[in-house]
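Coordinate analysis (summary)
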Amino acid sequence: MTPWAVTYADPEPNGLASMLGGLIEANLTAHPERTALLAKAATCSIAVPDAGTAVTIALAPGAVTLRNGTAGTPDLRIETDSDNLIGLSAVRLRFGLPDAMTKEGRAVNRKLLKGELRVKGLWQHPVKMARLNKLLTVL
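A few points on the structure. (Residues numbered from 1 in each chain as written. Predicted model: local features only at pLDDT ≥ 70, side-chain atom pairs only at ≥ 80, totals over all residues. Heavy atoms only, no water.)

1. Digging into a negative patch on the surface
Together, Asp50, Asp81, Asp83 and Glu116 line one region of the surface with negative charge. Relative to the elements of secondary structure, Asp50 occurs in the loop between strand S2 (42-48) and strand S3 (53-60). Here Asp50 falls in the exposed class, since its relative accessible area comes to 52%. (Patch = residues over 30% accessible without salt bridge, like charges linked within 9 Å, V, L, I, M, F, W, Y side chains within 5 Å. Areas by Shrake-Rupley, 256 points an atom, 1.4 Å probe, with all protein chains shown as cover. Salt bridge = Lys/Arg side-chain N within 4 Å of Asp/Glu carboxyl O. Lys, Arg positive; Asp, Glu negative; His and termini not counted. Charge placed at Lys NZ, Arg CZ, Asp CG, Glu CD. Helix = DSSP H or I, 4+ residues; strand = E, 2+ residues; numbered from the N terminus. Buried < 20%, exposed > 50% of the residue type's maximum accessible area, 1.4 Å probe, protein only.)

Structure (structure tokens):
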């Protein structure tokens, strides 16, 4: 039995919630040390307008809960198109921000400056962003 759980608040999770939940579950299984990322509570919503979908991810000690749509007032709100969302999972962060020393990090920074990628709460919660990124990044 694992010391953590990935659950869905909705009886029928949307495709984005299922994909992200599966990715988090796979990462926690493959890298048990990442359970430390669940030590403190945080919430994040990810909206993909071109796909007409959104999900809220709530991190809590030993648990990750995914909910369809944007629920409540998340600490971080990420909004981007589907192509950018897929590319984000490969971007390394330094101090919670895209690593400008890498090609991928510079591309994300350009998208942030152009408004193609919006992350509300990034400057207030860079550590929460780094934790979420580590849960979603495949190594």
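2. Focus: the nonpolar core
As a rule of thumb, soluble globular proteins bury nonpolar side chains together. Core analysis: the largest hydrophobic core is formed by 29 residues, its most contacted members being Leu20, Ile24, Ile46, Ile57, Val64, Leu66 and Ile78. Of all the secondary-structure elements, those providing two or more residues to this core are helix H1 (15-30), S2, S3, strand S4 (63-68), strand S5 (76-79) and helix H4 (126-136). Top element by residues in this core is H1. It accounts for five residues. (Core = buried A, V, L, I, M, F, W, Y, C linked by side-chain atoms within 4.5 Å.)

3. Points about the pattern of salt bridges
Side chains that differ in sign of charge can pair as their charged atoms come close. All chains considered together, the criterion is met by two salt bridges. Here Asp75 makes a salt bridge to Lys128, at a shortest N to O gap of 3.2 Å. Of this pair, Asp75 sits in the loop between S4 and S5 while Lys128 sits in helix H4, and the two are 53 residues apart along the sequence. Judged by relative accessible area, which is 23%, Asp75 ranks as partly exposed.

4. Focus on the sheet that holds S4
Taking strand neighbours across the sheet as the criterion, the six strands line up as S1-S4-S3-S2-S5-S8 in an open arrangement whose pairing is mixed. Looking along the sheet, the strands with just one partner apiece sit at the ends: strand S1 (5-8) and strand S8 (118-120). Averaged over all pairs of adjacent strands, the angle between their axes in this sheet comes to 15°, without regard to strand direction. Here S5 runs beside S8; their pairing, made up of three bridges, is antiparallel. Paired with Arg77 across the two strands is Lys120, which belongs to S8. (Pairing = 2+ DSSP bridges. Axes fitted to C-alpha atoms, helices over the stretch in contact; angles between N-to-C directions.)

5. Here's the deal with helix H3 (residues 103-114)
In an α-helix, one turn spans 3.6 residues; hence positions three or four apart end up facing the same way. For H3, spanning twelve residues, the distance from its first C-alpha to its last is 17 Å, which sits close to the expected 16 Å at 1.5 Å a residue. Once H3 ends, the next one or two residues include Gly115, with phi positive near 85°. (Expected span 1.5 Å × (residues − 1).)

6. Section: the packing of H1 against H4
It is at 7 Å that the axes of H1 and H4 come closest, and there the two elements cross at 85°. Here H1 lies roughly perpendicular to H4, going by the angle between them. Contacts between H1 and H4 involve Leu20, Leu23, Ile24, Asn27 and Leu28 from the first element and Lys134, Leu135 and Leu136 from the second. Considered class by class, the residues forming the contact of H1 with H4 number six nonpolar, one polar and one charged. (Parallel < 35°, antiparallel > 145°, perpendicular 65-115°, else oblique. Contact = heavy atoms within 4.5 Å. Nonpolar A, V, L, I, M, F, W, Y, C, P; charged D, E, K, R; others polar.)

7. What about the pairing of S4?
The sheet contact formed by S1 and S4 spans four bridges and is parallel. Along S4, the bridge assignment pairs Ala5 with Ala63. Where S3 lies against S4, six bridges are found, and the strand directions are antiparallel. Each bridged residue has a counterpart across the sheet, and for Ile57 the counterpart in S4 is Leu66. Turn length for the S3-S4 hairpin, with the two strands adjacent in sequence and antiparallel, is two residues, and the turn residue Gly62 shows positive phi of about 75°.

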